[in-house]
Amino acid sequence: MTDQRNDRQYNAAWQAARQWQERARQARPSRTMSGPRLFLTWLMFGAMMIIGTLLGLFFLLAGWLMLPLVRHRMKKQVEAFRAQQAQDIGGGSYRHHERPFDTPRQVLEGDYEVRPERKP
């Protein structure tokens, strides 16, 4: 048994553990927190919790109040998009002799011109 105790005394890991324990003991505060200081700490913590809760409720209510406005705006955008799509599909913006995907003229480099084919 003494052999095992000697091994622990000279073992580097045991020595490091002892040094760590000693530093931890020295780092502990020697006195406890006084009553008024502890009370003020809890009071500040409670006030911060109340302020955080009130801020959270405010933002929640603001979001709920904004929902109808955002919904109305989105409805207007969807209606405008649908109207645009309906005009594109049935529209009268094309000339009678043109197809929708024909381009009137494409000019290439140089003096060449390419005109779309027109069927008689």
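Calculation rules
Residues numbered from 1 in each chain as written. Predicted model: local features only at pLDDT ≥ 70, side-chain atom pairs only at ≥ 80, totals over all residues. Heavy atoms only, no water. Helix = DSSP H or I, 4+ residues; strand = E, 2+ residues; numbered from the N terminus. Buried < 20%, exposed > 50% of the residue type's maximum accessible area, 1.4 Å probe, protein only. Areas by Shrake-Rupley, 256 points an atom, 1.4 Å probe, with all protein chains shown as cover. Phe/Tyr/Trp six-rings, centres within 6.5 Å; stacked < 30°, edge-to-face > 60°. Salt bridge = Lys/Arg side-chain N within 4 Å of Asp/Glu carboxyl O. Expected span 1.5 Å × (residues − 1). Polar contact = N/O pair within 3.5 Å; in protein donor to acceptor, adjacent residues only side chain to side chain.

(A) Expanded view of the overall build of the protein chain. When helices and strands are tallied, the protein chain shows 3 helices and 2 strands. What you see in the protein chain, going N to C, is helices and strands ordered as α-α-α-β-β. Counting across all 120 residues of the protein chain, residues that qualify as buried make up 0%. A total accessible area of about 12500 Å² is found for the protein chain, and carbon and sulfur atoms account for 61% of it.

(B) Region of interest: the packing of aromatic side chains. Under the counting rule described, the total for this entry stands at 2 aromatic pairs. Between the aromatic rings of Trp-42 and Phe-45, the centroid separation amounts to 5.8 Å while the plane-to-plane angle is 90 degrees, which identifies the pairing as edge-to-face. Of this pair, Trp-42 and Phe-45 both sit in helix H3 (residues 35-90), 3 residues apart, roughly one helical turn. Judged by relative accessible area, which is 56%, Trp-42 ranks as exposed. Owing to a relative accessible area of 47%, Phe-45 belongs among the partly exposed residues under this scheme. Centre to centre, the rings of Phe-58 and Phe-59 are 5.4 Å apart; their planes meet at 65 degrees, and the pair counts as edge-to-face. Summarising the burial analysis for this pair, Phe-58 and Phe-59 share the class exposed.

(C) Focus on the pattern of salt bridges. Summed over the entire model, instances satisfying the criterion amount to 1 salt bridge. Between Arg-25 and Glu-22 there is a salt bridge; the shortest N-O distance is 3.3 Å. Of this pair, Arg-25 and Glu-22 both sit in helix H2 (residues 12-27), 3 residues apart, which is roughly one turn of the helix.

(D) Examining H2 more closely. Across its 16 residues, H2 extends 23 Å between first and last C-alpha, which sits within 8% of the 22 Å expected from 1.5 Å per residue. For H2, the side-chain oxygen to backbone nitrogen distance between the N-cap and Ala-13 is 3.2 Å, and the N-cap itself is Asn-11.

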